[in-house]
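# Working through the structure, step by step
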Amino acid sequence: MPAYTDNLANARATIRLQSWAILVALVIVLIAVADRFVRQTTFTVHVPPDLSHGATIQTGRTPAVPPPNVYAFGYLIWQQVNRWAKDGSKDYVAQIYALQNYLTPSCREQLLKDVSTKAGDAELIQRTRALLEIPGYGYTANRVTAHGNGGWTVLLDAQILETSRGMPVKDTFIRYPLHVVRYDVDRERNPWGLALNCFAGRYPERIDPQALEAPIAPQPAPTTPLPPSAARSAVDPGSDLPRAVPLPVPDTKEESP
């Protein structure tokens, strides 16, 4: 009888010990699950293209974006907006909607107004367009100006080529002051966390080849959006745009483009 009593007591003690172990394990699991929802588990990392001298990479919700990546983003998105492969009356608006996650709402509306204006003037039917970076005048450090508030100005020197029904109608050099801003609103559709804000009150300029040699000065932060009367000229670079003048040389030493 005493042996039976001792065995029963030992069994009860083992059950209590196992119950406490299960309870502790359950608490640990709950803490892990809560931490999973609180802790950031995805990170955006912007890796600069030149790692020959090493690089410091910041991760987190607002990672640092290297200037070359800002330039590459602005050039890529603006090139695609201006890519009309077959028929501008269809391709232009299709490109805008395809890239809308990389455009701010105000920039998208500005482009759609430009589509409406051109369509009314029959300037898009059977029109093709291509935008190319001018060889030898790609990224340099002085082409990207950071404004310190999640915005940058990218000076893009590009060549616009257009044809209408197979005939060349435009071949010109344009300097675009692209405004790039942080836009981390949907990482599934926009993993860059950036958006193109068109020109934010500035104007593209038609440039001559010799003007490409002019030094590029840091750009001021954008102030006000384009007035309605100037919206079309800013979006559609044509012969009515002013010619670019040599930009002032800053006091500090700048790289030549």
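For the structure itself, consult the block above.
Source: prediction; values computed, not measured.

The next thing to look at is the pattern of salt bridges. Counted under the stated rule, the structure contains nine salt bridges. With a closest N to O distance of 3.0 Å, R187 and D184 form a salt bridge. Look at R187 and you get partly exposed, because its relative accessible area is 29%. Here R189 ties to D186 by a salt bridge, and the two come within 2.9 Å at their closest N and O atoms.

Moving on, we come to the pairing of strand 4 (residues 167-182). Note that strand 3 (residues 151-164) and strand 4 share 14 bridges and pair antiparallel. Each bridged residue has a counterpart across the sheet, and for T153 the counterpart in strand 4 is H179. Connecting strand 3 to the antiparallel partner strand 4 that follows it, the hairpin turn spans two residues, and R165 within it adopts a positive phi of roughly 55°. Bridging between strand 4 and strand 6 (residues 205-207) involves three bridges; their strand directions are antiparallel. Within strand 6, the position partnered with I174 by the bridge is R206. In terms of strand pairing, strand 4 meets strand 5 (residues 194-196) through three bridges, oriented antiparallel. When the sheet's bridge partners are listed, R182 is paired in strand 5 with L194.

Relative to the helices and strands, P177 is located in strand 4. A residue is classified by how much of its surface remains accessible, and P177, at 5% relative accessible area, is buried. Taking the C-alpha atoms as reference points, P177 and G74, 103 residues apart in sequence, are found 9.9 Å from one another. Excluding anything up to four places from it in sequence, P177 contacts V154, L155, C198, F199, R202, Y203 and P204.

Rules used in this analysis
Residues numbered from 1 in each chain as written. Predicted model: local features only at pLDDT ≥ 70, side-chain atom pairs only at ≥ 80, totals over all residues. Heavy atoms only, no water. Salt bridge = Lys/Arg side-chain N within 4 Å of Asp/Glu carboxyl O. Buried < 20%, exposed > 50% of the residue type's maximum accessible area, 1.4 Å probe, protein only. Pairing = 2+ DSSP bridges. Helix = DSSP H or I, 4+ residues; strand = E, 2+ residues; numbered from the N terminus. Contact = heavy atoms within 4.5 Å.

That's the geometry; what it means functionally is another story.
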